[in-house]
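Each chain, letter by letter, is given below.
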Amino acid sequence: MTPVKILYLFDGLGIGGAEQLLLTTLKYLNREKFSPVVYCIGKNGRIASEIEGLNIRAVELNKNMRLWDLGAVAALLKIIRAEKPHIVHTHLFYANYFGRIAAAIARVPVVVITEHGTHGYFKKFYHHCVDFALSFFTKKIIAVSKAVEVFLLKRTLIPRSKISVIHNAVDFDRFSKAEAVDKIALRRSMSLPDAGFVIGCVSNLAPWKGQSFLLKAFVEVKRAFPDARLCIIGRDTDGYQSQLECFARENNLSGSVHFLGERRDIPELLKAIDLFVFPSLTEGLGISLLEAMYMQLPVVASAAEGILEII
């Protein structure tokens, strides 16, 4: 039996919740039944090398991601005709946009997209119009939570029959290996005190991820607990980290706040902290929140849509 060929399409392959979900899916995909290949419209990131480590091609197109620039459609159309996939499965807005147009023109038998967020922070009216129009060329829309499904039904008028809710997954095997980590040794490697109270946050650094509110709250925490530390873990977005660092300096937090950047040892880092904080203003579900809870950490989180579905 010939395996069903799936072409996965992403905006980029940096570290993020959607990209981690792809990696977990590919790791456990039945390779006798399915033959995957991964493309990204922009540039490959650190997740790409891990995909290739699974013996799966991860190809970057290095194209601009602007709504009116249809050069990506032409490139994708050429790729789809060469790859001849049975299924095109896209994630994130520009992959969903360009990928569905190209797949429709190429008459791909099945087109599936995954919607990861409610996007209330930055999606405009015309984005919703595009999503509605392209839903007619989509076999199924996967929402990562009921909150995302509700958002789609309200904002885009996509019929409920098109949407299926499949919650994000945690790669338990990846996290079970962290059980044997020496917490004290790990803290020392991060310049953290052996016994002090450590708060952690794992999320890409961006205004809608709420790290600014976390820092403001930490000012109050430091007054009550002077020895407390805060670790902020995640990829910088458009230089936002410099704004957070500036706030930390102005409020005498520099020695107590650690910006650890983009990391792939999240299971081990979670072993080093005492409390997980997830301050997002908008969130479809939040894989890092699931991961923290799997590691049995106490959690403080904002009352955003998808987060309420977990807490």
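Before reading further, recall that the structure is shown in the block above.
Presented here is an overview of the structure given in this document. (Residues numbered from 1 in each chain as written. Predicted model: local features only at pLDDT ≥ 70, side-chain atom pairs only at ≥ 80, totals over all residues. Heavy atoms only, no water.)

1. Focus: the sheet that holds strand E6 (residues 140-143)
Either a parallel or an antiparallel arrangement is found when strands of a sheet pair, and the pairing is made through backbone hydrogen bonds. Taken in spatial order, the seven strands of this open sheet run E3-E2-E1-E4-E5-E6-E7, and their pairing is parallel. Only two strands of the sheet have a single neighbouring strand rather than two, namely strand E3 (58-60) and strand E7 (163-165). With strand direction ignored, the average angle separating the axes of adjacent strands in the sheet is 25°. As judged from the five bridges shared by strand E4 (residues 87-91) and strand E5 (residues 110-115), these two strands associate in the parallel manner. Bridge pairing in E5 links His89 to Val112. The strands touched by helix H6 (residues 146-155) are E5, E6 and E7; relative to E7, the strand with the most contacts, the crossing angle is about 160°. (Pairing = 2+ DSSP bridges. Helix = DSSP H or I, 4+ residues; strand = E, 2+ residues; numbered from the N terminus. Axes fitted to C-alpha atoms, helices over the stretch in contact; angles between N-to-C directions. Contact = heavy atoms within 4.5 Å.)

2. A few points about the packing of aromatic side chains
If you walk through the whole model with that rule in mind, you get eight aromatic pairs. Between Tyr97 and Phe98 the ring centres are 4.9 Å apart and the planes differ by 50°, which places this aromatic pair in the tilted class. Exposure remark for Phe98: the relative accessible area of 0% places this residue in the buried category. Ring pairs connect the aromatic residues Phe93, Tyr94, Tyr97 and Phe98, which therefore count as one cluster. The positively charged end of Lys216 is found above the aromatic ring belonging to Phe213, 5.4 Å away from the centroid. (Phe/Tyr/Trp six-rings, centres within 6.5 Å; stacked < 30°, edge-to-face > 60°. Buried < 20%, exposed > 50% of the residue type's maximum accessible area, 1.4 Å probe, protein only. Lys NZ or Arg CZ within 6 Å of the ring centre and 35° of its normal.)

3. A few points about the side chain of Thr156
With respect to the helices and strands, the residue Thr156 is situated in the loop between H6 and E7. Within the structure, Thr156 has its side chain in polar contact with the backbone oxygen of Leu152 (distance 2.5 Å). When near neighbours in sequence (up to four residues on either side) are disregarded, Thr156 contacts His128, Asp131, Phe132 and Phe151. (Polar contact = N/O pair within 3.5 Å; in protein donor to acceptor, adjacent residues only side chain to side chain.)

4. Digging into the pattern of salt bridges
Tallying each qualifying case throughout the model produces 16 salt bridges. One salt bridge connects Lys5 with Glu83, and the closest N-O pair in it is separated by 2.5 Å. In this pair, Lys5 is assigned in strand E1 (residues 4-10) and Glu83 in helix H3 (residues 71-83), connecting sequence segments 78 residues apart. Glu83 shares its class with Lys5; the two are buried. (Salt bridge = Lys/Arg side-chain N within 4 Å of Asp/Glu carboxyl O.)

5. Structural notes on a nonpolar patch on the surface
Residues Phe132, Phe136, Phe137 and Leu157 make up a contiguous nonpolar surface patch of about 460 Å² in total accessible area. Inspection of the secondary structure puts Phe132 in helix H5 (residues 125-134). What makes Phe132 partly exposed here is its relative accessible area of 32%. (Patch = residues over 30% accessible without salt bridge, like charges linked within 9 Å, V, L, I, M, F, W, Y side chains within 5 Å. Areas by Shrake-Rupley, 256 points an atom, 1.4 Å probe, with all protein chains shown as cover.)

6. Examining the sheet that holds strand E11 (residues 275-278)
What the five strands build is an open sheet, ordered E10-E9-E8-E11-E12; its pairing is parallel. Each edge of the open sheet is held by one strand with a lone partner, namely strand E10 (257-261) and strand E12 (299-301). Each adjacent strand pair in this sheet contributes to an overall mean axis angle of 20°, direction not counted. Where strand E8 (residues 198-202) lies against strand E9 (residues 229-233), five bridges are found, and the strand directions are parallel. Bridge pairing in E9 places Cys201 opposite Ile232.

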